[in-house]
Amino acid sequence: MGKIALITGASSGIGEAVACSLANEGYKLIITGRRVSQLSKLAKKIETEYKTKVLTLSFDVRELSQVEHYIGNLPPQWAEIDLLVNNAGLAVGLNPIHQGVIDDWERMIDTNVKGLLYVSKIVANIMIKRGSGHIINIGSIAGKDVYPNGNVYCATKHAVDAISRGMMMDLHKFNIRVSQVCPGAVETEFSLVRFKGDASRASDVYKGFQPLVAQDIANVVVFVASAPPHVNVSDVVVMPTAQASVSITDKKL
Ligand code: NDP
Ligand code: 8X3
């Protein structure tokens with residue numbers, strides 16, 4: 001009890017559900033994201049419902065100076081991080097490679113790959129000093145397979161897959177577990193972000209089948225985090241029953 005978890009991208013979707021579920025497990029929480037109002041609302045809810053302490057940090061994981069400022073200078077009572085959930089991430093656009101939007105590519109690469117690395121380096125050093133820790137990266141089935149027009153998003157999640165395996169090789173000798181949880185389709189703000197606020201296009205993604213909800217992934221994260229210390233659940237793929245691969249979903253439209 002009283003362990004500290006840092007969750008990136010807790011202002012919506014999977015990160016928000018993970019934050020509530022870990023609070024329910026007795027963790028004190030550091031929740032991060034860019035949207036201050038969403039984070040404050042969540043902090044209040046968690047403090048009221050789960051009676052645990054919450055530290056809210058609003059910054060952009062793409063900005064190394066911000067990551068270093070906030071994560072590198074945690075107040076001493078928050079610095080001993082037991083669990084890092086690298087969840088902040090996004091897809092932007094769904095175009096064939098020759099029509100790709102460079103700014104979309106940069107947002108995905110900078111957030112999903114570089115942001116995850118910036119946070120992980122600082123937290124891994126904290127965990128090495130403490131002699132233990134657990135890092136759970138939220139990958140994707142897009143990190144295991146590729147689909148048409150998913151090119152750069154899939155590349156960033158393949159990078160998360162490679163980084164997760166590489167991290168495990170580098171950190172296991174410091175008693176640090178590294179795990180990856182790879183969801184299939186989860187109905188969150190993900191598609192709204194991907195389609196730049198086009199709500200109708202976003203909701204079409206989840207029509208005709210039952211997608212996962214954020215809580216389904218939070219349940220898996222809690223399972224992975226709660227394994228006995230000698231057990232590392234290193235890689236989990238979680239699919240909706242109606243989905244068989246990144247590009248095969250049984251839609252009854
Ligand atoms: P949401 O859009 O609901 O949540 C994304 C979270 O990431 C938000 O809290 C957002 O916070 C944060 N975030 C995005 N960019 C930044 C940034 N530059 N700096 C800090 N925080 C950032 O989507 P999901 O919950 O679905 O996505 C969470 C993770 O799950 C992502 O890594 C995604 O790739 C992965 N995933 C999602 C799947 C799905 O089908 N939904 C399937 C497989 C994986 P804010 O906007 O406040 O900064
Ligand atoms: C999100 C799942 O299939 O939309 O990572 O890329 S998918």
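Not measured: the values here are computed from a predicted model. (Residues numbered from 1 in each chain as written. Chains lettered and ligands numbered in written order. Predicted model: local features only at pLDDT ≥ 70, side-chain atom pairs only at ≥ 80, totals over all residues. Heavy atoms only, no water.)

(A) Inspection of the site of ligand 2 at higher detail. Taken together, S140, A142, Y147, Y153, F190 and R194 make up the full set of residues near ligand 2. Measuring from an oxygen atom of ligand 2, one finds a side-chain N or O atom of Y147 at 2.6 Å. Within the side chain of Y153, a nitrogen or oxygen atom sits 2.6 Å from an oxygen atom of ligand 2. Taken atom by atom, the bulk of ligand 2 overlaps the largest pocket. Of the residues that constitute the shell around ligand 2, the class distribution is four nonpolar, one polar and one charged. (Near = heavy atom within 4 Å. Polar contact = N/O pair within 3.5 Å; in protein donor to acceptor, adjacent residues only side chain to side chain. 1 Å grid on protein atoms, 1.4 Å probe; cavity = no way out; pocket = protein on both sides within 12 Å on 5 of 7 lines; lining within 4 Å. Sits in = over half its atoms within 2 Å of the grid points. Nonpolar A, V, L, I, M, F, W, Y, C, P; charged D, E, K, R; others polar.)

(B) Fine view of empty space enclosed by the protein. Inspection of the entire model under this criterion finds three cavities of 30 Å³ or more. Of the volumes computed, that of the largest cavity is approximately 80 Å³. Among the residues forming the lining of the largest cavity, the class breakdown is seven nonpolar, six polar and two charged. (Points joined across faces, edges and corners; volume = space filled by probe spheres on them.)

(C) Examining the environment of K251 more closely. By the secondary structure assignment, K251 is in the segment after β9 (248-249). Among the residues examined, K251 registers a relative accessible area of 33% and is labelled partly exposed. Spatially, the C-alpha atoms of K251 and L116 are 33 Å apart, while their sequence positions differ by 135 residues. Beyond its immediate sequence surroundings of up to four residues, K251 is in contact with D204, V205, Y206, K207, G208 and F209. (Helix = DSSP H or I, 4+ residues; strand = E, 2+ residues; numbered from the N terminus. Buried < 20%, exposed > 50% of the residue type's maximum accessible area, 1.4 Å probe, protein only. Contact = heavy atoms within 4.5 Å.)

(D) Local environment of the site of ligand 1. Ligand 1 sits among 30 residues. The nearest are S11, R34, N87, Y153 and T188. Contacts to ligand 1 include N87, whose backbone N or O atom sits 2.8 Å from an oxygen atom. Between ligand 1 and T188 there is a distance of 2.6 Å, counted from an oxygen atom to a side-chain nitrogen or oxygen. Bound to the protein, ligand 1 loses 96% of the 880 Å² it would expose on its own. The pocket occupied by ligand 1, as judged from atoms lying within 2 Å of grid points, is the largest pocket. (Areas by Shrake-Rupley, 256 points an atom, 1.4 Å probe, with all protein chains shown as cover.)

(E) How the structure looks around the side chain of N87. By the secondary structure assignment, N87 is in the loop between β4 (83-86) and α4 (102-130). From its side chain, N87 meets the backbone oxygen of G9 in a polar contact 2.9 Å long. Those residues in contact with N87, other than ones at most four positions away along the chain, are T8, G9, I14, G15 and I138.

So far we have only geometry, and geometry alone does not tell us how the molecule works.
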